[in-house]
Amino acid sequence: MKKLVVITGASRGLGLITAKEFAANNWQVAGTGRSEQSLDFPTDATYHRFDASNATESESFWGHLKEEYPEAQICLVNNAGGYVSGSLIETKAEAYATQIQSSYFSAVYMTRGLALNFSKARIINIVSTSALAAHKNNSAYGAAKAAEMHFFQSLQEEFKPAQYQITNLYPSDIATHGADPDAIKPEDLARFVREQADNESTYYLRDVTVYPVGLVIK
């Protein structure tokens, strides 16, 4: 059976690195994003440019995928989402809506599109430790990630693991903008994600907090 992974936000950063990791380990990769395809995107993978936070576009994407891969083993990696930080006054009003749209609605609509077309799948969500505790000047991003966490924890109760194995990852700092000894290497996190997708044991992980080795937790 063909193994197909859908990775949102695959045009750059962790999404692109995750696409490379899956492609190098015998998965057919379908990356999505609003930006143009990266020149570094795996040559044997497909890239679909659309707005995952648009319900109609997400459903259309999954409908076409079902026609092309009706019997595939599916894994969805919800990774898309921007980052808005700043105080209440510094943050523009529309930035709150943009953050919810990119981080929360993209995950909701892509997951719903999956469920409308495939009765069984693995769903791995890159959330954030920002969902777990409030921080100063992080109200936009933290609230969007907390909503994402609540959504997927609700789905964990709604569906049995035999239908959808849902894994929520809460990484702390990720070194997506260059080497950082106090942050998680994106290649390491991408490998961890792929290992969860490949896991065929009698267990699966539901909610996992991921910290860099160099981080001092107060």
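Residues numbered from 1 in each chain as written. Predicted model: local features only at pLDDT ≥ 70, side-chain atom pairs only at ≥ 80, totals over all residues. Heavy atoms only, no water.

K.L.:
Now, about helix α5 (residues 186–198): what can you tell me, with residues and values included?
P.N.:
For α5, spanning 13 residues, the distance from its first C-alpha to its last is 18 Å, which sits close to the expected 18 Å at 1.5 Å a residue. Turning to α5, its buried residues are P186, L189, A190, V193, R194, Q196 and A197. Around the axis of α5, the buried residues are gathered within 155° of arc, so they sit on the same side. Against α1 (13–23), β4 (73–78), β5 (121–126), β6 (164–171) and β7 (207–210) lie the buried residues of α5. (Helix = DSSP H or I, 4+ residues; strand = E, 2+ residues; numbered from the N terminus. Expected span 1.5 Å × (residues − 1). Buried < 20%, exposed > 50% of the residue type's maximum accessible area, 1.4 Å probe, protein only. Arc of directions from axis to C-beta. Contact = heavy atoms within 4.5 Å.)

K.L.:
Go over the packing of α1 against α5 with me, naming the residues and quoting the values.
P.N.:
The N-to-C vectors of α1 and α5 enclose an angle of 50°; their axes lie 9 Å apart at closest approach. The angle between the axes of α1 and α5 places the two elements in the oblique class. Here α1 runs over α5; the crossing is right-handed. From α1, L14, I17, T18, E21 and F22 reach across to α5, where they touch P186, E187, L189, A190, R191, V193, R194 and A197. Classifying every residue of the contact of α1 with α5 by side-chain character gives eight nonpolar, one polar and four charged. (Axes fitted to C-alpha atoms, helices over the stretch in contact; angles between N-to-C directions. Parallel < 35°, antiparallel > 145°, perpendicular 65-115°, else oblique. Left-handed = near helix turned anticlockwise from the far one by under 90°. Nonpolar A, V, L, I, M, F, W, Y, C, P; charged D, E, K, R; others polar.)

K.L.:
Describe in detail the packing of helix α2 (residues 55–68) against helix α3 (residues 93–117), supporting the description with residues and values.
P.N.:
Packed helix pairs are characterised by how far apart their axes lie and by the angle those axes make with each other. Remark: α2 packs on α3, axes separated minimally by 8 Å, with the N-to-C direction vectors making an angle of 35°. Considering how the two elements wind past one another, α2 and α3 form a crossing that is right-handed. Taking contact as the criterion, the partners of A55, S58, E59, F61, W62, G63 and K66 in α2 are, on α3, Y109, M110, R112, G113, L114, L116 and N117.

K.L.:
Go over the sheet that holds strand β1 (residues 3–7), please, and point to the residues and values.
P.N.:
The strands that make up a sheet are held in pairs by hydrogen bonds between backbone atoms, and each pair lies either parallel or antiparallel. Ordered by their spatial adjacency, seven strands build an open sheet running β3-β2-β1-β4-β5-β6-β7, and the pairing between neighbours is parallel. One side of each edge strand has no neighbouring strand; the edge strands of this open sheet are β3 (46–49) and β7. Averaged over all adjacent pairs, the angle separating strand axes in this sheet is 15°, with direction ignored. As paired elements, β6 and β7 share four bridges and run parallel to each other. Counted as the bridge partner of P171 is V210 from β7. Those strands touched by α2 are β1, β2 (28–33), β3 and β4, and its axis lies near 165° from that of β1. (Pairing = 2+ DSSP bridges.)

K.L.:
Give a detailed account of unusual backbone geometry, specifying residues and quantitative values.
P.N.:
Glycine aside, negative phi is the norm for most residues, and most peptide bonds take the trans geometry. In this structure, N26 takes a positive phi of about 70° despite not being glycine. By the secondary structure assignment, N26 is in the loop between α1 and β2. By relative accessible area, which is 69% here, N26 ends up exposed.

K.L.:
Can you lay out the side chain of S53 for me, pointing to particular residues and giving the numbers?
P.N.:
Relative to the helices and strands, S53 is located in the loop between β3 and α2. What makes S53 buried here is its relative accessible area of 5%. Of note is the side chain of S53, whose polar atom sits 2.6 Å from the side chain of D51. S53 has contacts with Q101, F105, S106 and Y109, leaving out every residue within four places of it along the chain. (Polar contact = N/O pair within 3.5 Å; in protein donor to acceptor, adjacent residues only side chain to side chain.)

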